[in-house]
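# Coordinate analysis (summary)
Residues per chain are reported as follows:
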Amino acid sequence: MEAALLLDPQVFLPSATRIDAIFRRRYIALDASLSTHHTLVANKTVDDAHATWVRWGGQLVMQSARFLEFLVVAAATWELLTEADETSIEAYGFARARAEVIARCGIDPVDASEAVADLGDVSSVPDVDQRFPSRSVVVRSIRAILESYPQRDLAEAAVESGKMGWKRRADNAARHLRLFLLRHDAEMHQRADMLGEMYQIGRMDIPEIAALLHESVGDTVALLEQRGFARDLGQTIFTQRDRSARLRSIRLDREVREALPGRSDFSRYVDRAVIASERIEGVDARTWLIQDPANRPE
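Here's a quick rundown of the structure. (Residues numbered from 1 in each chain as written. Predicted model: local features only at pLDDT ≥ 70, side-chain atom pairs only at ≥ 80, totals over all residues. Heavy atoms only, no water.)

## Details of the side chain of Ser 216
By the element assignment, Ser 216 lies in the loop between α11 (206-213) and α12 (217-226). Given the relative accessible area of 8%, Ser 216 is considered buried. (Helix = DSSP H or I, 4+ residues; strand = E, 2+ residues; numbered from the N terminus. Buried < 20%, exposed > 50% of the residue type's maximum accessible area, 1.4 Å probe, protein only.)

Structure (structure tokens):
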């Protein structure tokens, strides 16, 4: 199927749904096989079955990256056509759309479409009334696909198979899709508005809101700023209790290190420093933040 047709929003959603069903079955198989893999590694038993699992896991990492990158360009295409009030790439112009999508996400739609064509039956489209999908349908579909993305399991398969480069591509694509949801998910915006009001009056802090939204601290700050929420300077002043608690933690850290140079576990301060640097330098540094795996969205 030609890239222009495959990326038309009327086509990519049913195609992506069929491919996602294939990946969900493969992800379930990956999860089920990990315990056996751990046993083999613990017993230092490397046989043909283990080698087969490593090859299969590596292929799954590569396929996941290709599928997610296809979704990134498809979402960018939908966004582009929506802004231009068009309903098809043919009407907009494929060459023009291709150049603008590359500028938005750095991925060539032609390469992404050709790579995903081997992942499932995307050449046939159900004979239904294929209208231009609404914002809610696109958001719901992408959110469902992201929720099934097993970040930790694929990371283990990538390490074993030497496919960490592909895993980084998959994670980067997933991040693009999460940012797409932050821009277009109306339900998330409603929750953010409610929580943003609590933040604005000093009743909630950013880490608490980030946990409720299942987003990183950096993305939560960006979302609240986009929605127009900020605190008055007077509300950022520490209470006496907060000031005393922070000074105690700093003193304890210094005593543990015996005043010698060393790494301190002040991850909240590090995150905020990176975000502040991002604002000053105009560089989106959120991709490079080291997140706590327990709080990282799957």
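Read on for the rest.
## Observations concerning the packing of helix α3 (residues 48-84) against helix α8 (residues 151-161)
Across the interface, α3 lies against α8 with an axial gap of 8 Å and an inter-helix angle of 120°. As judged from the angle between their axes, α3 and α8 are oblique. Note on packing geometry: the crossing formed by α3 with α8 is left-handed. Of the residues in α8, those touching α3 at His 50, Trp 53, Val 54, Gly 57, Gly 58, Leu 60, Val 61 and Ser 64 are Leu 154, Ala 157, Ala 158, Glu 160 and Ser 161. When its residues are assigned to classes, the contact of α3 with α8 shows seven nonpolar, five polar and one charged. (Axes fitted to C-alpha atoms, helices over the stretch in contact; angles between N-to-C directions. Parallel < 35°, antiparallel > 145°, perpendicular 65-115°, else oblique. Left-handed = near helix turned anticlockwise from the far one by under 90°. Contact = heavy atoms within 4.5 Å. Nonpolar A, V, L, I, M, F, W, Y, C, P; charged D, E, K, R; others polar.)

## Quick word on the packing of helix α9 (residues 164-184) against α12
Relative to each other, α9 and α12 sit at 25°, their axes nearing to 11 Å. Taken together, α9 and α12 sit at an angle that is classed as roughly parallel. Considering how the two elements wind past one another, α9 and α12 form a crossing that is right-handed. Contacts between α9 and α12 involve Arg 175, Leu 179 and Leu 182 on the former and, on the latter, Asp 219, Leu 223 and Gln 226. Residue composition of the contact of α9 with α12, by class: three nonpolar, one polar and two charged.

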